[in-house]
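Listed below, chain by chain, are the residues.
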Amino acid sequence: MSNEAILHGAHDTHAHDDHHGHEHHEQHFFTKYVFSQDHKMIAKQFLITGIIWAIIGALMSVFFRLQLGFPDKSFPIMEKFLGEWAKGGKLDPEFYYALVTMHGTILVFFVLTAGLSGTFANLLIPLQIGARDMASPFMNMLSYWFFFVAGVIMFISLFIQTGPASGGWTTYPPLSALKEASLGSGLGMDLWLISMSLFVVSSLLGGLNYVSTILNMRTKGMTMTRMPLTIWALFFTAVLGILSFPVLFSGFVLLIFDRSFGTSFYLSEIFIGGKALPNVGGSAILYQHLFWFLGHPEVYIIMLPGMGMASEILSTNSRKPIFGYFAMIISLVGITVLAFLVWAHHMFVTGMSPFLGSIFVLLTLLIAVPSAVKVFNWLTTIWKGNLRFTPAMMFALGFVSLFISGGLTGIFLGNSALDIHLHDTYFVVAHFHIVMGVSAFFGMFAGIYHWYPKMFGRFMNKPLAYIHFFATFIGAYLIFWPMHYEGIAGMPRRYYDFSAWESFKNYGSLNAFISIVVIIVFFAQLLFVYNFFASIWKGRKMTTQNPWGSTTLEWTTPINPGHGNWEGDIPEVYRWAYDYKDDGNGNDFVPQTTPLKPGEESH
Amino acid sequence: MSIFITVAITFLVLMIVYQIAQASEYAASLRGTEKEREKSTNKTMAILLVLFFFAGLYAIWLCHDKLKGQLLLTSASKQGEAYDSMFLVTVIVTGIVFLITHALLFWFAFKYKATNDNQKSYFLAHNNKLELIWTTIPAIVMAVLVAIGLRNWMNITSAAPKDAAVVEITGKQFNWIIRYPGKDNVFGKRNYKDINDATNILGINDKDPASADDIVAQNGEVHMVVGKPFKFIIGSRDVIHDVGLTHFRLKMDAVPGITTTLWFTPTITSAKMKEMTKNPNFVYEISCDQMCGKGHYSMRGTIIVETQEEYDAWMAKQSPYFAAAAPAVDSTKPAVDSAAVAAK
């Protein structure tokens, strides 16, 4: 079917819908808000589910930071939340590991994968390429509901008697494969695997949809090279997910077999619980290869949407075209390709062949090049601009800062000769929290503040947004900067208590300091959450279609677009997405829908 | 009950804060035009960002000043010395990049804030020469860092010298078991199916003549001779562990079913380190660096680096495992064990 036919087809159904809407009644509550097939509603579902998971995940980090910061104190409030697991207000070690594991799983997969790309791919792809909806709205709906069910199962696992999975978010076997190895490796791990398998299904349904929508459903004139960088970034995010999640899934299937059907894919020569297991010949390292073949691209699945949104927001609020549009696309391609070739840098110390290790060193440090190109392009984008510090812009600037800080420490860890000391220390914790945790969150916050008016027709409260920004920005650096020092001193991650260690116990007061900042930052995030929900009903109303003076298509839709996005025809596109220039009428931007003037050259 | 009160109070506070923020936004909307307000916000934010930058620089210095005393002393192994210098080079390179890019970021943010109606952006969209420059320079810098890294990596992972002493270190939930080969310098064969926590903690084959003089230390204490290369033969009985040697700047996973190795030459004795750190309790520690279950954080081993004489004196006091262990009643069992398992 040609592009044109799809557009017309979609248009026809839209007209039909419209007709219904006028003649009869509103859409039923269930089809509008629950089993919605409207990409904008699905985006909101992903976002709100993500926010709820983020609160749960962050609260978990507050609990285990209380333990780390004040190992000799007890907190009765914890017992209220965790019950038996924190008897007398003292966190149980077994549950400490469960919390760490769940914190990682929830934040990496449920919040920063589903909550981030699920939200913005759904919201922005049709709106920015000029489509009425996704290629398959039904699959899109399924994608959300698979995610929802995955979430329900994960949530249930928090309440079972033996506790949720507790082998770290990477769930390396044999620890995760053997019930004897830890409490969390029992039913909790089974639920974890089921939940994550459903999550993979959700992610694939979503990803395939995003790719086919971007490739097939662009409006007339929207060539690939006229697309906003957000769309390019979301495109590569989806490609990464489609190619790597199945590999993770295969790793899970083998793990399920080892756990329940007596196979020995990952198990060999193990003596545990007082007896020798019959399993021989498996390789525990195989799982790590399968896991990190997703695990590393996953980092970029988390980062790329933020990069795309930061590019868009920096350009819009600098009133300048993004600098080096093509270089930005090429660097995205570079990052995407390299993302598949570097997974073993998580495994330098597993006893892997040192020669193989050196290949991965080379490929890993290569990623620094496209990343550096992006940073320099962002810096040049704001250079000689006319900067408006909207909340979104603040977060986009913060994103760049954190991306630099976290990216640079990656150069240490990617170099195996340095990783051999820093591996699995707090240096790693600091590195990935800054770069794929906080920085990705900043990309997400920027996106939320920027597109909130498009989602709800209202603005979020600005003073609160600024407070939120500074509290988070300062807090993030206060938490994670000193952690590098702990890591350089060799302090291992995932320790429940350091007080018995001669080498690490002198960091006690620093740990207490970090924990206090964590609590403050947690409450600052609640400020954001409240702002988000309250502004849906009470925020300042959007009065103009294009509040930020953007060039892209989403701002040509009505203030509260219905299903189908545009009333009447889908606009046609005549120019690239970053035509910030003097239009001759005193404006500093030309929307993509404005035809070229006689004699004007397209970019 | 108190949990609901906590949540309710949090909610109430948030509500009040939101109302105040809303009110302040409305109040601001009464003052001046929207454009004016935007300009003043831009100015405030630009100033705050610059303040953040300078406060940040000061905080970085303060943090370093406070924590540098708690960093580890110079490395206690030859391999670690190369590590420390490479680390320093990387810190300097990344530090320069960090400072330059951040200075530019905050300087541009301050300088180009929109506070003037006549201000127009410089609508620059691309410049291939610039792109080429900042693709090439990082590529060259990375090449240098990779070259240094791979040279060190090759050294660290090279084969141990022929005269290296061997020590076997086996992880189990949640402690380390150390084995020395004894006078013959050969370890007796092991089979995990022969493991018995009471009498044969490593599953050593007592029929193997090489086993006879093997020494097993269950307290997780490794003795090493200063200036002598030692090779660690690393394994695990149950889940994955990791031999973390912070002071020697090394680590290696202990994986069940696989043998990994690591060698290094300690350069500073434990006694000397006690003097250098002015800490009489100082001890080289082996930390488990791979999550291994609920006791992960307590899986501690120690290393005593001493002179050859001290080492010999200590070694002389050790008795072979099978001499010390209970009567070898169990020794008949292993032979049939595998057959029995297969029959099941």
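Cut-off values and rules
Residues numbered from 1 in each chain as written. Chains lettered and ligands numbered in written order. Predicted model: local features only at pLDDT ≥ 70, side-chain atom pairs only at ≥ 80, totals over all residues. Helix = DSSP H or I, 4+ residues; strand = E, 2+ residues; numbered from the N terminus. Rg over C-alpha atoms; globule rule 2.2 N^0.38 Å. Buried ≥ 20, exposed ≤ 12 C-beta atoms within 10 Å, placed from the backbone. Contact = placed C-beta atoms within 7 Å. Pairing = 2+ DSSP bridges. Axes fitted to C-alpha atoms, helices over the stretch in contact; angles between N-to-C directions. pLDDT = per-residue confidence, 0-100. Parallel < 35°, antiparallel > 145°, perpendicular 65-115°, else oblique. Left-handed = near helix turned anticlockwise from the far one by under 90°. Nonpolar A, V, L, I, M, F, W, Y, C, P; charged D, E, K, R; others polar. Expected span 1.5 Å × (residues − 1). Core = buried A, V, L, I, M, F, W, Y, C linked by C-beta atoms within 7 Å.

A. Spatial organisation of the overall build of chain A. Scanning chain A for helices and strands turns up 17 helices and 2 strands. In terms of overall dimensions, chain A is globule-like: its C-alpha atoms have a radius of gyration of 25 Å, near the 25 Å expected for 603 residues. Judged by the C-alpha coordinates and their principal axes, chain A covers about 80 × 50 × 50 Å. Out of the 603 residues in chain A, the part that is buried amounts to 63%. Sequence separation of at least 24 residues holds for 79% of the intrachain contacts in chain A that already meet a minimum separation of 6.

B. Broad picture of the overall build of chain B. Along its length, chain B carries 8 helices and 10 strands. Taking 344 residues into account, the globule formula puts the C-alpha radius of gyration at 20 Å, and chain B, at 31 Å, lies well above it. Its C-alpha atoms put chain B at 95 × 60 × 50 Å along the principal axes. The buried share among the 344 residues of chain B stands at 34%. Taking contacts inside chain B between residues at least 6 apart in sequence as the whole, the part at least 24 apart equals 70%.

C. Representation of the sheet that holds strand 3 (residues 215–217) of chain B. Residues and elements named next belong to chain B. Across the sheet, which stays open at both edges, the 5 strands sit in the order 3-2-1-5-8 with mixed pairing between neighbours. One side of each edge strand has no neighbouring strand; the edge strands of this open sheet are strand 3 and strand 8 (260–264). Strand-to-strand twist in this sheet, taken as the mean axis angle between neighbours without regard to direction, amounts to 25°. Across 5 bridges, strand 1 (residues 165–172) lies against strand 2 (residues 175–180) in antiparallel orientation. Opposite glutamate 168, over in strand 2, you have arginine 179 as the bridge partner.

D. How the structure looks around the confidence of the model for chain A. Looking at chain A, pLDDT values average 91 and 96% of them are 70 or higher. Note on residues 1–24 of chain A: pLDDT is under 50 here. Beyond four places in sequence and across chains, it has 13 contacts.

E. Molecular detail of the sheet that holds strand 6 (residues 241–245) of chain B. Residue and element names in this part refer to chain B. Reading across the sheet, the 5 strands line up as 4-10-9-6-7 and stay open at both edges, with mixed pairing between neighbours. The open sheet has two edge strands, strand 4 (221–225) and strand 7 (250–254), and neither has a second partner. When the angles between neighbouring strand axes are averaged without regard to direction, this sheet yields 25°. As judged from the 5 bridges shared by strand 4 and strand 10 (residues 300–306), these two strands associate in the parallel manner. Bridged to histidine 223 within strand 10 is isoleucine 304. In the packing of helix 6 (residues 308–317) onto the sheet, contacts are made with strand 4 and strand 10, and the angle to strand 4 comes to roughly 140°.

F. Broad picture of the pairing of strand 9 (residues 284–288) of chain B. Residues and elements named next belong to chain B. Counting buried positions along strand 9 gives 5 out of 5 residues, so the element sits mostly inside the fold. Burial of strand 9 is two-sided: the residues Tyr284, Ile286 and Cys288 facing one way and the residues Glu285 and Ser287 facing the other way are all buried. Taken together, the 2 bridges between strand 6 and strand 9 define a ladder with antiparallel strand orientation. Counterpart to valine 243 in the pairing with strand 9 is cysteine 288. Pairing geometry for strand 9 and strand 10, over 4 bridges, is antiparallel.

G. How the structure looks around the packing of helix 3 (residues 39–69) of chain A against helix 6 (residues 137–157) of chain A. All names here are of chain A. Where helix 3 meets helix 6, the axes come as close as 10 Å, and the angle between the chain directions of the two elements is 15°. Classified by the angle their axes make, helix 3 and helix 6 are roughly parallel. Note on packing geometry: the crossing formed by helix 3 with helix 6 is left-handed. Packed against helix 3, whose contacting residues are His39, Ile42, Gln45, Phe46, Thr49 and Trp53, the element helix 6 presents Pro137, Asn140, Met141, Tyr144, Phe148 and Gly151 at the interface. Of the residues belonging to the contact of helix 3 with helix 6, the class tally is 7 nonpolar, 5 polar and no charged.

H. Quick look at the pairing of strand 7 of chain B. Residues and elements named next belong to chain B. For strand 7, the tally of buried residues reaches 5 of 5 residues, placing the bulk of the element in the interior. Alternating residues of strand 7 divide into Leu250, Met252 and Ala254 and Lys251 and Asp253, and every residue in both groups is buried. In this sheet, strand 7 lies alongside strand 6 in antiparallel orientation, the contact comprising 5 bridges. Each bridged residue has a counterpart across the sheet, and for glycine 244 the counterpart in strand 7 is lysine 251. If you look at the hairpin formed by strand 6 and strand 7, you'll find 4 residues sitting between the two strands, and arginine 249 has a positive phi there, around 60°.

I. Structural context of the interface of chain A and chain B. Contacts between the two partners involve 109 residues from chain A, matched on the other side by 98 residues from chain B. Here the residues of the side of chain A that touches chain B are counted per class, giving 66 nonpolar, 27 polar and 16 charged.

J. Here's a closer look at helix 13 (residues 391–414) of chain A. Taking 1.5 Å per residue as the helical rise, helix 13 of chain A with its 24 residues ought to reach 34 Å, and the 34 Å between its terminal C-alpha atoms agrees with that figure. Of all 24 residues that make up helix 13 of chain A, 24 are buried, and the element is covered over most of its length.

K. Geometry of the packing of helix 10 (residues 325–339) of chain A against helix 12 (residues 368–382) of chain A. Residues and elements named next belong to chain A. The N-to-C vectors of helix 10 and helix 12 enclose an angle of 150°; their axes lie 9 Å apart at closest approach. The angle between the axes of helix 10 and helix 12 places the two elements in the roughly antiparallel class. In this structure, helix 10 meets helix 12 at a crossing whose hand is left-handed. Seen from helix 10, the contacting residues are Ala327, Met328, Ser331, Gly334 and Ile335; seen from helix 12, they are Pro370, Ser371, Val373, Lys374 and Asn377. Along the lines of polarity and charge, the residues of the contact of helix 10 with helix 12 split into 5 nonpolar, 4 polar and 1 charged.

L. Structural context of the nonpolar core. Residues Leu234, Ala310, Phe395, Ala396, Val400 and Ala446 of chain A are the most contacted members of the largest nonpolar core, which totals 277 residues. At 23 residues, the largest contribution of residues to this core is made by helix 5 (residues 93–129) of chain A.

M. Unusual backbone geometry, seen in detail. The omega torsion across proline 173 of chain A and proline 174 of chain A is 0°, close enough to zero to call that bond cis. Residue placement: proline 174 of chain A occurs in the loop between helix 6 and helix 7 (187–216). The amide bond that connects glutamine 173 of chain B to the next residue, phenylalanine 174 of chain B, takes the cis arrangement and shows omega of 0°. By the element assignment, phenylalanine 174 of chain B lies in the loop between strand 1 and strand 2. Despite not being glycine, glutamate 269 of chain A shows a phi value in the positive range, around 50°. Note that glutamate 269 of chain A resides in the loop between helix 8 (229–260) and strand 1 (271–272). What makes glutamate 269 of chain A buried here is the crowd of 24 C-beta atoms within 10 Å.

N. Representation of the environment of valine 100 of chain A. Residue and element names in this part refer to chain A. Tracing the chain through its elements places valine 100 in helix 5. With 22 C-beta atoms counted inside 10 Å, the residue valine 100 sits in the buried group. Sequence spacing of valine 100 and serine 166 is 66 residues, and the spatial spacing of their C-alpha atoms is 7.5 Å. Contacts of valine 100, omitting those with residues within four sequence positions, involve Phe64, Gly168 and Arg494.

O. How the structure looks around the environment of leucine 510 of chain A. Residues and elements named next belong to chain A. Among the secondary structure elements, leucine 510 is positioned in helix 17 (residues 508–538). Classification of leucine 510 by C-beta neighbours within 10 Å gives partly exposed; the count is 19. Sequence-wise, leucine 510 and isoleucine 479 are 31 residues apart; in three dimensions their C-alpha atoms are separated by 9.7 Å. With near-sequence residues (within four places) excluded, leucine 510 lies in contact with Pro482 and Glu486.

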